[in-house]
Amino acid sequence: AARAHRIMIQVWLRPGTQKAVASGHPWVYRNQIDPAAGDLASMPSAEPGSLVTVHDSRGRYLGSGFYNPRSMITVRLLTHRLETPDDSLIVRRIEEALAFREANRRPDTDSYRLVFAEADRLPGLIVDQYGDTVVLQVLALGMERWQETAAACLVEKLRPARLILKNDDPIRLKEGLELYQRAYYGDLARQVTIRENGLLMKADLDQGQKTGYFLDQKANHARLRRFCAGRRVLDAFCYSGGFALNAAAAGAAAVTAVDISPEAVTLALVNAELNGLSEKITFASANAFDFLREAVAKRQSFDTIVLDPPAFAKSHGARDGARRGYKEINLSAFRLLGPGGILATHSCSYHMPEPMFIETVMEAAWDARRTVRLLAVHRQDFDHPVLGGYPESHYLKSLWVEVIA
Ligand code: SAH
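What counts and what doesn't
- Every chain's residues receive numbers from 1 upward, in the order its sequence appears when written.
- Side-chain atom pairs in this predicted model are given and counted only at pLDDT of 80 or more, local residue features only at pLDDT of at least 70, and totals for whole chains, interfaces and linings cover all residues.
- Excluding hydrogens and water, the side-chain values take into account all heavy atoms of the structure.
- In this text, helices come from DSSP runs of H or I with a minimum length of four residues, and strands from runs of E with a minimum of two, each type numbered from the N-terminal end.
- Two things to know: the radius of gyration comes from C-alpha atoms, and the globule rule equals 2.2 Å times the number of residues to the power 0.38.
- As used throughout, the charge tally considers Lys and Arg to be positive and Asp and Glu to be negative, leaving His and the chain termini uncounted.
- Charged groups are reduced to one reference atom each: NZ for lysine, CZ for arginine, CG for aspartic acid, CD for glutamic acid.
- A pair of strands counts as paired when DSSP detects no fewer than two bridges linking them.
- The axes are straight lines fitted to the C-alpha atoms, using for helices just the contacting stretch, and the angles between their N-to-C directions are given from 0 to 180°.
- Aromatic pairing here means that ring centres of Phe, Tyr or Trp (its six-membered ring) are within 6.5 Å. Orientation follows from the plane angle: under 30 degrees is stacked, over 60 is edge-to-face, and everything else is tilted.
- Any Lys NZ or Arg CZ found within 6 Å of a ring centre and within 35 degrees of that ring's normal is scored as a charge over the ring.
- Residues belong to a common nonpolar core when they are buried Ala, Val, Leu, Ile, Met, Phe, Trp, Tyr or Cys residues joined through side-chain atoms within 4.5 Å.
- The classification of residues rests on relative accessible area computed with a 1.4 Å probe and restricted to protein chains. Under 20% of the type maximum is buried, over 50% is exposed, and intermediate values are partly exposed.

Draft legend 1. Summary view of the overall build of the chain. In terms of regular secondary structure, the chain is built from twelve helices and 19 strands. On C-alpha atoms alone, the chain measures out to a radius of gyration of 23 Å, which is about the 22 Å that the 2.2 N^0.38 rule sets for 405 residues. For the chain, the spread of C-alpha atoms along the three principal axes comes to 70 × 45 × 35 Å. Computed over 50 positive and 47 negative side-chain charges, the inter-centroid distance for the chain is 5 Å.

Pasting the structure below:
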């Protein structure tokens, strides 16, 4: 290890920029790197994807990872210990990730995120299990070299029917990676049926969002059930219907499900039929902003509303605009709810911190002249872990609010 350690390229940081990495953060941004220090001073065009050791401005070792000068996140660390990243480290990390899911599996759910990239200390590697199908996605150049190791390890340990390499996320282009999908093992299934909270759900692995399903919302889908019996429920931003179907299954009087994507609405309808719940659910392909505004204008009302929009704030700079977006839809939702009403409202933008999201939602309630109590704050399901030292891994906020008056 000592020898291998010496042949890795040394990247030195500018003075005063080491704090996050020294506290366990897995990223080094381009502007943290001192181009005139370490090995980069003599080899400024170090090979993209190569293994590097990261050092503070005085040369003290901070960790090891892989280098991609094309990316703003120029180094992703695999370890903060004095060890050389190799196949056995990758396998060990995968084993740890699988053991954590195994310990928390629920009997009525057969689909989980098995590896959540940086949050499982495997930067740029996503692995999702959809029943007997495993989907693997590489999002960082340096991880590509371990794709084979990871895939072989997963096939051996999980014995799936198929393992699909779903390397078609456009984010790969920024890393200098090509886009493709292929079966590493078994066939290239396009659609699979999974079981979540006892419901059958089709996941579209080919054209769907994420790798096919919003696994991060499983626990919140289940949480909705206790606020549904005999109630009129609205699921805005429904995608494939996770909230809507759980509401219908839990005895909602009527469910309305809205998404701007016609493909999503079609998928949600198929899922409703698959579970014999289609009679209870009305689907609409519409812009949820317009839908909510019109429902208010028409003086409609609901007893329980779910808002689960896409990330409005994709960067720190987009925060103010995002705040206005969240404010508007939450304001409309509160106008549609009376006393006893429940709002389950979500933000999956890391750049909208939890306190700011709570504040925004509470302001919306006030502006709608509603008195509310915050019942609970949840986050993404356990299989999208929150890693200490890496705050970006806590991205999904789930607020459960009751209208008192
Ligand atoms: N609630 C879903 C996940 C929602 S993801 C679940 O639990 O599985 C966000 C969804 O919002 C996507 O399906 C996207 O198509 C949809 N969307 C994006 N902008 C929208 C808009 N303006 N109006 C309605 N839906 C929108």
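Structure shown, so let's carry the discussion forward.
Draft legend 2. Summary view of the sheet that holds strand E6 (residues 111-116). Spatially, five strands are ordered E6-E7-E8-E9-E10 in an open sheet, and the strand pairing comes out mixed. Of all strands in the sheet, those bounded by a partner on one side alone are E6 and strand E10 (180-185). Strand-to-strand twist in this sheet, taken as the mean axis angle between neighbours without regard to direction, amounts to 20 degrees. Bridge count between strand E9 (residues 162-167) and E10: five bridges; the pairing is antiparallel. By the bridge assignment for E10, Leu 163 is matched with Tyr 185.

Draft legend 3. Geometry of the packing of aromatic side chains. As enumerated under the stated definition, the model contains ten aromatic pairs in all. Aromatic side chains Phe 312 and Tyr 326 sit 4.7 Å apart centroid to centroid with 45 degrees between the ring planes, which places their arrangement in the tilted category. In this pair, Phe 312 is assigned in the loop between strand E16 (302-307) and helix H11 (319-336) and Tyr 326 in helix H11, connecting sequence segments 14 residues apart. By way of ring pairs, the aromatic residues Phe 289, Phe 312, Tyr 326 and Phe 357 are connected into one cluster. Here Arg 145 stacks its cationic end above the ring of Trp 146, 5.3 Å away from the centre of that ring.

Draft legend 4. Looking closely at the nonpolar core. Counting residues in each nonpolar core, the largest one holds 36 residues, and the members touching the most others are Tyr 130, Val 255 and Ile 281. Of all the secondary structure elements, the ones that give two or more residues to this core are strand E11 (191-196), strand E12 (199-204), helix H8 (242-249), strand E14 (254-259), helix H9 (262-274), strand E15 (281-285) and strand E17 (337-347). The element that contributes the greatest number of residues to this core is H8, accounting for five residues. Membership of the second largest hydrophobic core comes to 33 residues, among which are Phe 291, Tyr 326, Ala 333 and Leu 399.

Draft legend 5. Fine view of the pairing of E12. Strand direction decides the pairing type here: E11 and E12, joined by six bridges, are antiparallel. Its bridge partner being in E12, Ile 194 is matched across the sheet by Met 201. In this structure, the hairpin formed by E11 and E12 is closed by a connection of two residues, where Asn 197 is found at a positive phi of approximately 50 degrees.

These results come straight from atomic positions and should not be treated as a statement about function.
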